[in-house]
Amino acid sequence: MKFNSVFDIIGPVMIGPSSSHTAGAARIGKAARNLLGKEPKWAKIHLYESFAKTYKGHGTDFALAGGLLGFETDDPRMNQALEMAEDRGLSIQFIEDSAGVDHPNTARLIIGDDTEQIELTGISIGGGKIEITELNGFELRLSGNHPAILIMHNDRFGAIASVTEILAKHEINIGHMEVNRKDVGKEALMVIEVDQNVEDSILKELENADHIEQIAKIVS
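Residues numbered from 1 in each chain as written. Predicted model: local features only at pLDDT ≥ 70, side-chain atom pairs only at ≥ 80, totals over all residues. Heavy atoms only, no water.

- The name recorded for the chain in an unreviewed UniProt entry is L-serine deaminase, from Lentibacillus salicampi.
- According to UniProt, the comment filed for the chain under the heading Pathway (unreviewed entry) is "Carbohydrate biosynthesis; gluconeogenesis."
- The record held by UniProt for the chain lists under Cofactor (unreviewed entry) the comment "[4Fe-4S] cluster". (UniProt positions renumbered as here; feature names shortened; annotations may be inferred.)

Spelled out as C-alpha cells, the structure:
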C-alpha cells in the first residue's frame, strides 16, 4: 500500500487559487528558466485542454510568468507576475492550442533570448507536482522534485561512464537516470536526478568529460 506524505495531503505552500493550475504551472515555468540557465527575453506558451480553457481564471498565466521570473510557488508577487514580466522586458505570448495531448494540464514553452532558446513540455499532475515530458525534441520523464542534471552528448561509447565516474568520485548519489537519443551515433540526452544540488565546479568537470556537449541543471 502506498502512503502519501502529510505534504501530499495538505498540498504545496502556494499562492492560489489552484495547486495544479497555479502552483504546478509556476514550477513548469521555473523549470524552463532553469534549463535555459537565465531569465528569458521572450516566451511562446502553448496551453492545451484544461489549461487552455481555464488559464485566466485559475491563474495559470501569471503562474507560468512567475516561474519564468524565478518565483517560488509561495512568492507573494506571483499574481503580479505578468505586469512584472512586462516591466522586466519579458514578452509572453499565450496560445490556446487545440492539438491532442496525453494530459489535460499540459503546457509547451518555447523560451529564449537573442542568442539561444529551448522548447519544453510540462504537465501538472496535481498537488503542485509536475513532470517534464519533452525537451528540445527529446522525450524524457523529469519530476522536478529533485535536483537534476541534463547532459547533451554525442552517442558514443564511454560517454555515460565518464559522467557516472565523476559523480561517484564526488559521492553524488543518482536517484533516477535515463538516456534518450535521436539516432545511433547522433545527439543524445542524459537526464540524471540526484540527491543533492551539484556544485558548479563539478558541472565544469562534467563539461570536460568525453563526448559532452552541453550541461544544464535544475536545483531543488
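## Description of the domain arrangement of the chain
Next, step 1: Parsing the chain into structural domains produces domain 1 (6-142) and domain 2 (148-218).
Next, step 2: Of note, the centres of domain 1 and domain 2, computed from C-alpha atoms alone, are 25 Å apart.
Next, step 3: With 12 residues of domain 1 at the contact, the number on the domain 2 side is 17 residues.
Next, step 4: It is Phe138, Arg141 and Leu142 that lose the most area in domain 1 upon contact with domain 2, and together they represent 52% of the buried surface on that side.
Next, step 5: Applying the counting criterion to the domain 1 and domain 2 interface returns zero salt bridges.
Next, step 6: The biggest single contributor to the side of domain 1 that touches domain 2 is strand β6 (residues 138-142), with five residues.
Next, step 7: For the side of domain 1 that touches domain 2, the per-class residue count stands at six nonpolar, three polar and three charged. (Domains from an automatic or database assignment. Contact = heavy atoms within 4.5 Å. Buried area = accessible area lost by both parts, 1.4 Å probe. Salt bridge = Lys/Arg side-chain N within 4 Å of Asp/Glu carboxyl O. Helix = DSSP H or I, 4+ residues; strand = E, 2+ residues; numbered from the N terminus. Nonpolar A, V, L, I, M, F, W, Y, C, P; charged D, E, K, R; others polar.)

## Some thoughts on helix α4 (residues 60-68)
Next, step 1: The element α4 is extensively covered by neighbouring structure, given that nine of its nine residues are classed as buried.
Next, step 2: Burial in α4 covers these residues: Thr60, Asp61, Phe62, Ala63, Leu64, Ala65, Gly66, Gly67 and Leu68.
Next, step 3: Immediately downstream of α4, the backbone of Gly70 shows phi near 95 degrees, a positive value. (Buried < 20%, exposed > 50% of the residue type's maximum accessible area, 1.4 Å probe, protein only.)

## Quick look at the pairing of strand β8 (residues 174-181)
Successive residues of a regular strand alternate their side chains across the two faces of the sheet.
Next, step 1: Here seven bridges tie β8 to strand β9 (residues 187-194), and the two strands are oriented antiparallel to one another. Note that in β9 the partner of Ile174 across the bridge is Val194.
Next, step 2: Counting the residues between successive antiparallel strands, the hairpin from β8 to β9 contains five residues, one of them, Gly185, with a positive phi of roughly 80 degrees. (Pairing = 2+ DSSP bridges.)

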